[in-house]
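Structural characterization, general
Read off the chains here:
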Amino acid sequence: MIKLFKKLRPFSISIILVIILVFIQTITDLYLPTLMSDIVDTGIVNKDIDYILDIGKRMVLITILGTISAVYASYLSSKIGMGFGTNLRNEVFTKVESFSLHEFDKTGTSSLITRTTNDITQVQTVLITILRMFVRAPIMAVGGIIMAVSKDAKLSLIFVVVIVVLAILISLIGAKSIPLYKLMQVKLDKLNLVLRERLTGIRVIRAFNRVDKEKSKFNDANLDLVDTAIKVNKLMAILMPLMMLIMNFTNVAIIWFGSIRIDNGVMQVGDLMAFIQYAMQIMFSLVMFTMMFILVPRASASAVRINEVLDTNPDINDSDKLENETSKRGYLEFKNVIFSYHGAEEPVLKGVSFCAKPGEVTAIIGGTGCGKSTLVNLIPRFYDVTNGSILVDGVDIKKITQQNLRSKIGLVPQKAVLFTGSISENIRFGNQGANDEQVRHAANIAQATEFIGNMKEGFDSYISQGGTNLSGGQKQRISIARALVRKPEIYVFDDSFSALDFKTDAKLRQALKKETVNDTVIIVAQRVTTVMDANRIIVLEDGNIAGMGTHKELLKSCSVYQEIVSSQLSKEEI
Ligand SMILES: Nc1ncnc2c1ncn2[C@@H]1O[C@H](COP(=O)(O)OP(=O)(O)OP(=O)(O)O)[C@@H](O)[C@H]1O
């Protein structure tokens, strides 16, 4: 957690102010019992009304000063806590955005969400508590002991016993509760995962009548978290009454031994009253310590999880030795590319080599799971090749910045991902600077104009979360328009026509051909009709290139392609 607190540097002035204010507040608290004992021992004993009023006025002024300090310290510490939380959330989010897909796969999206929200809130809460109590508790404890000893040193021996008893109690409860707090964060992750999956998959759950079963899965995860929370809260519930009990016993002991000392004439009544108040303050500061003792380990479990994210070095970074751009545009080359996912035994791509040039369409076809999406995911460096290299415009993609590389690519992913907002905002996502005319043109080529025109507000129509108010084919067309408006050098369509009917598919490819005469187009597809006009068809089988050529060439030379074709087209169509 200390590592995270180093990020408090921008708030140094406010923190110093809080420390000063808390110091003033604590000193005023410590001074009040002494004034009260003066009223009793001097004012009341001597029946001196003026003295009582004079000290009383001083007490009021000191109380006002203490209250103002307390309020302003609370205000400032909340402001520091919130500012720190905001900065940290931004930092974690920025870091997560730099992750490669490997890191996303490793940590899990749900855990990343919990770490960015709940874990940061825990650290933020403990920071606010520390700011208010960390300064106050030690000053109050030490100051209280000094004042108590100054009132009666012998009677202060009671504190030795009390502190030992409290230390044992706090250590026992801490040893049990800290592991439980750590477990709670892990269980919260699990609950988030179940919740996220069940909410996004609600249609499938309903279609398969799994509502009750899934409800019980959620219930299990929920109860699992609740069980741990109850266990840890039971411990905490024991702590406070025990503290109160010890406090009350301390009071009884002070009054018992104090009265004996008053009887013996070595202590005054006012001093005993002040002594009781100092005892309360010492105990209260110990309660504050206890609270921190509980909160700090809980937050440090969260801090570890946050630091894990911040310390992760994404395995895809921009190289220190960048190469200069060439004058080439739209050239893509795979040189003996081998790729394995982390932890996988066998490579998904086993030595893929091909070239794609501007003005040409390169299609990739093959059975499911043969590595088509993996291949295209390597082009924008979502993953890095395990062996071999990929060249864009003659330069290894590892030797240009990711920003530069991705600006050359217009990717249409297999699963159309849209964002909440209007249709035009979603298309403009590909190119913020695009004007209305360019947005309309892209939609036109993507064959989206007709259905957008039928919508109530046209291009301003609202797309709900994840594009649920659009059909699969409509979503695909908007994500195609998004890539088109970018005007990239290389278009990558990852099975992006699968949800379109044959007529729209043909019309779209026709329009695309005219639009991309000078660009490189990579199309991944399952349908032979989508790829048969391509300049080059790559047939992938189990991560290997089984054949490469035009439709006609492959029909003669590649048995895998022949099989695919005969399973989809009639003899006349071939
Ligand atoms: N993130 C991942 N981590 C580990 N293995 C993966 C990951 N993504 C895909 N795979 C594996 O890699 C192989 C190739 O998957 P890929 O998605 O590239 O196939 P595909 O040819 O595009 O299939 P489809 O046509 O069904 O989309 C599969 O066996 C799959 O299990």
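Residues numbered from 1 in each chain as written. Predicted model: local features only at pLDDT ≥ 70, side-chain atom pairs only at ≥ 80, totals over all residues. Heavy atoms only, no water.

The name given to the protein chain in an unreviewed UniProt entry is ABC transporter ATP-binding protein, with the source organism recorded as Tepidibacter hydrothermalis. Per UniProt, the comment on the protein chain under Subcellular location (unreviewed entry) is "Cell membrane". (UniProt positions renumbered as here; feature names shortened; annotations may be inferred.)

**Side note on the packing of aromatic side chains**
Following the criterion strictly, the structure yields 11 aromatic pairs and no others. With centroids separated by 4.8 Å and ring planes inclined at 20°, the aromatic side chains of Phe-419 and Phe-429 adopt a geometry described as stacked. Within this pair, whereas Phe-419 is found in the loop between strand 6 (409–412) and strand 7 (421–422), its partner Phe-429 is found in the loop between helix 13 (423–428) and helix 14 (436–445), the two being separated by 10 residues in sequence. Aromatic rings pair up to connect Phe-339, Tyr-341 and Tyr-383 into one cluster. Positioned over the ring face of Tyr-331 is Lys-328, at 5.3 Å from the centre of the ring. Between Arg-527 and the ring centre of Phe-502, over which it is positioned, the NZ or CZ distance is 4.5 Å. (Phe/Tyr/Trp six-rings, centres within 6.5 Å; stacked < 30°, edge-to-face > 60°. Helix = DSSP H or I, 4+ residues; strand = E, 2+ residues; numbered from the N terminus. Lys NZ or Arg CZ within 6 Å of the ring centre and 35° of its normal.)

**Quick look at the site of the ligand**
Taken together, 14 residues sit near the ligand, with Gly-369, Lys-372, Ser-373, Thr-374 and Gln-414 positioned nearest. For the ligand, an oxygen atom lies 2.8 Å from a polar atom in the backbone of Gly-369. Between the ligand and the protein, one listed contact pairs an oxygen atom with a backbone N or O atom of Cys-370 at 3.2 Å. Its free accessible area being 640 Å², the ligand has 60% of it covered by the protein chains. When residues in the shell around the ligand are grouped by element, the largest group, three residues, is from helix 11 (residues 372–378). When grouped by side-chain class, the residues that make up the shell around the ligand number four nonpolar, eight polar and two charged. (Near = heavy atom within 4 Å. Polar contact = N/O pair within 3.5 Å; in protein donor to acceptor, adjacent residues only side chain to side chain. Areas by Shrake-Rupley, 256 points an atom, 1.4 Å probe, with all protein chains shown as cover. Nonpolar A, V, L, I, M, F, W, Y, C, P; charged D, E, K, R; others polar.)

**Side note on the packing of helix 9 (residues 211–263) against helix 10 (residues 269–311)**
Closest axis-to-axis distance for the helix 9/helix 10 pair is 10 Å, and the angle between their directions is 160°. On the basis of their axis angle, the class for helix 9 and helix 10 is roughly antiparallel. Pair helix 9 / helix 10 crosses with right-handed handedness. Among the residues making up the contact of helix 9 with helix 10, the classes are represented as 21 nonpolar, five polar and no charged. (Axes fitted to C-alpha atoms, helices over the stretch in contact; angles between N-to-C directions. Parallel < 35°, antiparallel > 145°, perpendicular 65-115°, else oblique. Left-handed = near helix turned anticlockwise from the far one by under 90°.)

**Considerations on the sheet that holds strand 5 (residues 395–396)**
Taken in spatial order, the four strands line up as 2-1-4-5 in an open sheet, and their pairing is antiparallel. Single-partner strands in this sheet number two, and they are strand 2 (349–356) and strand 5. Sheet topology places strand 1 (residues 332–339) next to strand 2; six bridges connect them, and they run antiparallel. Paired with Val-337 across the bridge in strand 2 is Val-352. (Pairing = 2+ DSSP bridges.)

**Considerations on the domain arrangement of the protein chain**
You can read the domains of the protein chain as domain 1 (2–311), domain 2 (321–408 + 488–574) and domain 3 (420–481). Each of domain 1 and domain 2 was reduced to a C-alpha centroid, and the two centroids are 59 Å apart. Contacts between the two partners involve four residues from domain 1, matched on the other side by five residues from domain 2. Interface area, domain 1 with domain 2, both sides summed: about 430 Å², of which 62% is carbon and sulfur. Inspection of the domain 1/domain 2 interface yields zero salt bridges. Linking domain 1 to domain 2 there are two residue pairs in polar contact (both at pLDDT 80 or more). Its residues placed into classes, the side of domain 1 that touches domain 2 shows one nonpolar, two polar and one charged. (Domains from an automatic or database assignment. Contact = heavy atoms within 4.5 Å. Buried area = accessible area lost by both parts, 1.4 Å probe. Salt bridge = Lys/Arg side-chain N within 4 Å of Asp/Glu carboxyl O.)

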